[in-house]
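What follows is each chain in one-letter form.
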Amino acid sequence: MGYSSGMLNHMVAILKKKDADKLEFGEKTEYEQVACVHANLTWKKGQKALNEGALDAQDTVMFRMRWNSIVTRDCRLQCEGVTYQIQSLHADRQEDTLQITATEIVK
């Protein structure tokens, strides 16, 4: 089934760790863009704050895209200038779907 192209109205950059095996102890991990895909984006602003009464909650979003082998839990996603860390990832190759819950990384 998958998603129709009309629903996938955002461009999402897929970021993977750069030279992770060459990092010295204590060095900050850097990420580099390895792909760009179309995705649907659902905002869940303040959901964590509502659930936990937290005042410092980051925004949580859900990305839905066609299945691909590029995205893993270690990736970061970037959309509209905001970078997100993946919290959960559900891939269904048979249905051609990939659903990701992610939280905004506050710098």
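See the structure printed just above.
Residues numbered from 1 in each chain as written. Predicted model: local features only at pLDDT ≥ 70, side-chain atom pairs only at ≥ 80, totals over all residues. Heavy atoms only, no water.

Caption draft 1: View of the nonpolar core. By size, the foremost hydrophobic cluster in this structure holds 18 residues, and its most contacted members are Val 12, Ile 14, Phe 63, Met 65, Val 71, Leu 77 and Ile 100. Going through the elements one at a time, strand S1 (10-18), strand S2 (30-44), strand S3 (60-65), strand S4 (76-79), strand S5 (82-92) and strand S6 (97-104) are the ones with two or more residues in this core. Here the element with the most residues in this core is S2; it accounts for 4 residues. (Core = buried A, V, L, I, M, F, W, Y, C linked by side-chain atoms within 4.5 Å. Buried < 20%, exposed > 50% of the residue type's maximum accessible area, 1.4 Å probe, protein only. Helix = DSSP H or I, 4+ residues; strand = E, 2+ residues; numbered from the N terminus.)

Caption draft 2: Just the sheet that holds S2, in detail. Judged by pairing direction, the barrel is antiparallel, and its 6 strands sit side by side in the order S1-S2-S3-S6-S5-S4 before closing back on the first. Between one strand axis and the next, the sheet turns by 45° as a mean value, whatever way the strands run. Sheet topology note: the S1/S2 ladder contains 9 bridges and is antiparallel. Residue pairing in the sheet places Leu 15 in a bridge with Gln 33 of S2. (Pairing = 2+ DSSP bridges. Axes fitted to C-alpha atoms, helices over the stretch in contact; angles between N-to-C directions.)

Caption draft 3: Main features of the pairing of S3. Of all 6 residues making up S3, 5 are buried, and the element is well covered by its neighbours. For S2 and S3, the ladder comprises 6 bridges, and the chain directions are antiparallel. Bridge assignment links Lys 44 to a residue of S3, and that residue is Thr 60. Pairing between S3 and S6: 6 bridges, direction antiparallel. Opposite Val 61, over in S6, you have Ala 102 as the bridge partner.

Without other data, these values stay purely geometric and don't point to any function.
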